[in-house]
Number of protein chains: 2
Amino acid sequence: MSQVRLPPIQTTARDDAVLAALAGFVQQEGLKPGDKLPTERILAERLKVSRNTVREALTRWEGLGLVERLQGSGTFLKAAVSPHMLHMPLTLAGGNDFASLMQTLEVRRALEAEAVALCAVRTGPQELSFIQRKLEVMEEAFHSRAGMSSEEDWEFHQAIYRASGNPLFEQLIAAMHEMFHRFWEHPLGVRDFGHASFPYHRTIYERIAARDAEGARAEALKLIATVEADLRRGEAARNQARHA
Amino acid sequence: MSQVRLPPIQTTARDDAVLAALAGFVQQEGLKPGDKLPTERILAERLKVSRNTVREALTRWEGLGLVERLQGSGTFLKAAVSPHMLHMPLTLAGGNDFASLMQTLEVRRALEAEAVALCAVRTGPQELSFIQRKLEVMEEAFHSRAGMSSEEDWEFHQAIYRASGNPLFEQLIAAMHEMFHRFWEHPLGVRDFGHASFPYHRTIYERIAARDAEGARAEALKLIATVEADLRRGEAARNQARHA
DNA sequence: ACCATGCAATTGGTTGGACCATTGATCCAT
DNA sequence: ATGGATCAATGGTCCAACCAATTGCATGGT
């Protein structure tokens, strides 16, 4: 690495200064996600900068998902924020075709298997009961709504990722989830999608509760396999329809 | 899913509209990274919006690393941009370098194991010989420079991800790699870092060449384990020094 | 008392215009 | 031809006003 890291001195970095100050304020004030932070006008006045500058800074935080702005209401913290944090913007070029869907699923398989295993090792009793509650909600929704439980399903998985002790898993799989749903908006011909995966949610939970990391990983892999099979089944049906 | 996907009509989404229009422009014009895009003033005029609005939109892209703004010079494309892409800013709560490094490493373990296994199944003879060449370059660099071969090391791994047939793996692990190196800038006490992982590069290659997916996965896990051990060793030494 | 309607203050979103700071090219004197 | 000064282009900041959505309060009807 011959290129010594000498960033050119920045005589003008008001945005960063604003964000740094705001991060310090948040920490000092002990603000948590959901709390409201000061008005743009107040920030501008206090920091002795233009409201425009404040807005550009907040726009950056909004883009990073750290903050949510509601017109007429205020700006609210959306995630924990600390003075020293690292942002790694990731842009994925996802297509809306079968191949892209399979690719996101492959990544999900890799991440989910590891997250579930970590969860089995690390989760505490409190998080475990939280996961259990999500599981029960999901199972009830499944039975009462004849298999449509994708929202509760997702919350169950999220609870697991959160209990893995590594926030990166939650963020990455959320990205995969969103890519998946780009395609999912308009139902794509696979009826009863997700039915086959249903029983594995409980088996995964049981393996986690038993602290059986490898068992949990195996069950997660089975779950992903059923989703993959559903996907292939739908694709085959679609190809057949097209050739008819 | 009781919550039907009905996004509230947005009477005000000028920023997004600007970015959508700009993304379309970039694609239509065939602009590539490094190219300069229109002036803020021109964009404001053409899109019939205020320059401030254009600026807020570009600020979002800048925050996502898609664009670079140089005062006095212009705004330049920094990454490929297409109308349909997913932005997922990853945020790592800093403050504790060691914890952050371990978190990126856990994700890398999940992804690398799967990528290596997929590679063993899918790679063709041409990609295989490419990987072999990267391996030999890396081994020579290792021997001639007394263990410093991080650049060639990385290229070897990249070749494998590329041969996995799933571009998402390459993008995601590249993100992990960059995060890892953000902390790595200032060497943090672990001398001979990476020495222990050296032999596993060849064993991974051999398992891939033998089309042994599970064997390759096992070797990759061993490699990650050595890196993790190095990391823990350095952390322990640092803690000891602090308590002295 | 209770509830609904509507007014008014608050707050983020947008606009237009001005000026500053940096960059890069152009032009001029040597 | 070279070196330096000048100037236009461009992003960065500021200001003051207005628009649009939200919220809460006050007023009035039941």
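Located above this text is the structure these notes cover.
Note that the coordinates shown come from a computational prediction; the quantities given were computed from them, not determined experimentally.

What counts and how
Residues numbered from 1 in each chain as written. Chains lettered and ligands numbered in written order. Predicted model: local features only at pLDDT ≥ 70, side-chain atom pairs only at ≥ 80, totals over all residues. Heavy atoms only, no water. Helix = DSSP H or I, 4+ residues; strand = E, 2+ residues; numbered from the N terminus. Buried < 20%, exposed > 50% of the residue type's maximum accessible area, 1.4 Å probe, protein only. Contact = heavy atoms within 4.5 Å. Salt bridge = Lys/Arg side-chain N within 4 Å of Asp/Glu carboxyl O. Pairing = 2+ DSSP bridges. Phe/Tyr/Trp six-rings, centres within 6.5 Å; stacked < 30°, edge-to-face > 60°. Least-squares fit on C-alpha atoms with pLDDT ≥ 70 in both.

Chemist: How do you make sense of the overall build of chain A when you look at a structure like this?
Modeler: Summing up its helical and strand segments, chain A has 9 helices and 4 strands in all. Each helix (α) and strand (β) of chain A, taken in turn from the N terminus, gives the series α-β-α-α-β-β-β-α-α-α-α-α-α. Considering chain A as a whole, with its 244 residues, one finds that 48% of them fall into the buried category. Taking all contacts inside chain A whose residues are at least 6 apart in sequence as the whole, residues at least 24 apart take part in 69%.

Chemist: Looking at this model, I keep getting lost on the pattern of salt bridges. Mind explaining?
Modeler: Taken as a whole and assessed by the stated rule, the structure comprises 41 salt bridges over all chains. Between E219 of chain A and K222 of chain A there is a salt bridge whose closest N-O contact spans 3.1 Å. Of this pair, E219 of chain A and K222 of chain A are both found in helix 9 (residues 213–243), 3 residues apart, which corresponds to roughly one turn of the helix. When its relative accessible area of 39% is taken as the criterion, K222 of chain A is described as partly exposed. Within this structure, E40, R51, R55, E62 and R69 of chain A together with E56 of chain B form a network of salt bridges that share partners.

Chemist: Looking at this model, I keep getting lost on the sheet that holds strand 2 (residues 67–70) of chain B. Mind explaining?
Modeler: To summarise the sheet geometry, strands pair through backbone hydrogen bonds and adopt either a parallel or an antiparallel arrangement. Residues and elements named next belong to chain B. Strand order in this open sheet of 3 strands is 1-3-2, and the pairing throughout is antiparallel. Looking at the sheet topology across the chains shown, the edges are occupied by strand 1 (36–37) and strand 2. In the sheet, strand 1 pairs with strand 3 (residues 74–77) via 2 bridges, with the strands oriented antiparallel. Residue pairing for strand 3: L37 is matched across the bridge by T75.

Chemist: Mind showing me how you'd approach the pairing of strand 3 (residues 74–77) of chain A here?
Modeler: All names here are of chain A. Bridge count for strand 2 (residues 67–70) against strand 3 is 4 bridges, and the pairing is antiparallel. By the bridge assignment for strand 3, R69 is matched with T75. Counting the residues in the hairpin turn of strand 2 and strand 3 gives 3 residues, including G72, whose phi is positive at 85°.

Chemist: Would you take a moment to explain the sheet that holds strand 1 (residues 36–37) of chain A for this structure?
Modeler: Spatially, 1-3-2 (chain A) is the arrangement adopted by the 3 strands of the open sheet, whose pairing is antiparallel. This sheet does not close on itself; its edge strands, each paired only once, are strand 1 and strand 2 of chain A.

Chemist: Hey, could you run me through the packing of aromatic side chains in this one?
Modeler: Geometry of an aromatic ring pair is reported as the spacing of the ring centres plus the angle between the planes. Residue and element names in this part refer to chain A. Tallying each qualifying case throughout the model produces 4 aromatic pairs over all chains. Relative to F198, the ring of F142 lies with its centre 3.9 Å away and its plane at 10°, an arrangement referred to as stacked. On the criterion of sequence distance, the pair formed by F142 in helix 5 (residues 125–144) and F198 in helix 8 (residues 198–209) is long-range, its members being 56 residues apart. In this pair, the class of F142 matches that of F198, namely buried.

Chemist: Would you mind going over the relation of the copies chain A and chain B with me for this structure?
Modeler: Both copies of the chain are related through a single rotation about an axis accompanied by a shift along the same axis. Overlaying chain A on chain B yields an RMSD of 2.8 Å, the required transformation being a rotation through 177° with an accompanying axial translation of 0.6 Å. Viewed as a symmetry operation, the transformation between the two copies matches a two-fold axis. When the interface residues of chain A are mapped onto chain B, 90% of them are again interface residues, pointing to one common binding face.

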